Structure formats: C-alpha cells, structure tokens
Amino acid sequence: MFFGYSMPTGHESTYLARYREHNQAVRDYFRDRPGKLLEVCWGNGGEWQKLCDFLGLHIPNLPFPKKNTGTNPIRK
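Residues numbered from 1 in each chain as written. Predicted model: local features only at pLDDT ≥ 70, side-chain atom pairs only at ≥ 80, totals over all residues. Heavy atoms only, no water.

Taken as a whole, this structure holds three aromatic pairs when the rule is applied. Aromatic pair Tyr29 and Phe30: ring centres 5.0 Å apart, planes at 80°, arrangement edge-to-face. Aromatic pair Trp48 and Phe64: ring centres 4.8 Å apart, planes at 75°, arrangement edge-to-face. One end of the pair, Trp48, is in helix α2 (residues 47-55); the other, Phe64, is in the segment after α2, with 16 residues separating them in the sequence. (Phe/Tyr/Trp six-rings, centres within 6.5 Å; stacked < 30°, edge-to-face > 60°. Helix = DSSP H or I, 4+ residues; strand = E, 2+ residues; numbered from the N terminus.)

As structure tokens, this is what we get:
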C-alpha cells in the first residue's frame, strides 16, 4: 500500500501532490531557521560551491559526483 493505493501506477497526480506538500512542509518548518536548510537543484551548476558554503567547508578539487541523472526531473 502506498498512499492508500495497492497499485503504484495510475495515481501519479496523488504522488506528485504529496511530494509537493511534503516539500512545502519542510520549507515551512525551516522558515524561521535561516541557514539551516539547503535547497538546491543539483543540475543547475555550482554544486560544490553551494554545498560547501552551506557546510562551511572548502571546495574539494574533484568533480561533483552525479548518479541517477534522469531526463525528466520533478519540478516545483
């Protein structure tokens, strides 16, 4: 059972709505906690810079690791 459905297909709009609700709930939780939430789209470039600035670390001299790079990402 997934969100009340026994079959995963055919309910994509429900899953997408729940995904968006969850993301908004996370944003709401951190609204009054500046600097505690990092929200990025890893495919837009500057990945190491964003991540290392958030963590207070130096940027490594390595390419940013990328796996599972689908062609149809979920958008806000």
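All right, on to the environment of Pro63 then. Mapped onto the elements, Pro63 comes out in the segment after α2. Relative accessible area serves as the criterion here: at 70%, Pro63 is assigned to the exposed category. For the pair formed by Pro63 and Trp48, sequence separation is 15 residues and the distance between their alpha carbons is 8.5 Å. (Buried < 20%, exposed > 50% of the residue type's maximum accessible area, 1.4 Å probe, protein only.)

Next up on the list: a nonpolar patch on the surface. Taken together, the side chains of Phe54, Leu55 and Leu57 make up a nonpolar region of the molecular surface, amounting to roughly 290 Å² of accessible area. Mapped onto the secondary structure, Leu55 falls in helix α2. (Patch = residues over 30% accessible without salt bridge, like charges linked within 9 Å, V, L, I, M, F, W, Y side chains within 5 Å. Areas by Shrake-Rupley, 256 points an atom, 1.4 Å probe, with all protein chains shown as cover. Salt bridge = Lys/Arg side-chain N within 4 Å of Asp/Glu carboxyl O.)

Along the chain, Phe54 turns up in helix α2. The spatial distance from the C-alpha of Phe54 to the C-alpha of Leu37 is 8.6 Å, given a sequence separation of 17 residues. Aside from chain neighbours lying at most four places away, what touches Phe54 is Gly35, Lys36, Leu37 and Leu38. (Contact = heavy atoms within 4.5 Å.)

Another aspect to go through is the pattern of salt bridges. Applying the stated criterion across every chain yields a total of two salt bridges. In this structure, Arg27 and Glu39 form a salt bridge, with 2.5 Å as the shortest nitrogen-oxygen distance. With Arg27 in helix α1 (residues 12-30) and Glu39 in the loop between α1 and α2, the pair connects residues that are twelve residues apart, well separated along the chain. Classification of Glu39 by relative accessible area gives partly exposed; the value is 41%. Its salt-bridge partner being Asp28, residue Arg31 comes within 2.6 Å of it at the nearest N-O pair. For Arg31, a relative accessible area of 55% puts it in the exposed group. A relative accessible area of 35% means that Asp28 is categorised as partly exposed.

None of the figures reported here should be taken as evidence of function without further support.
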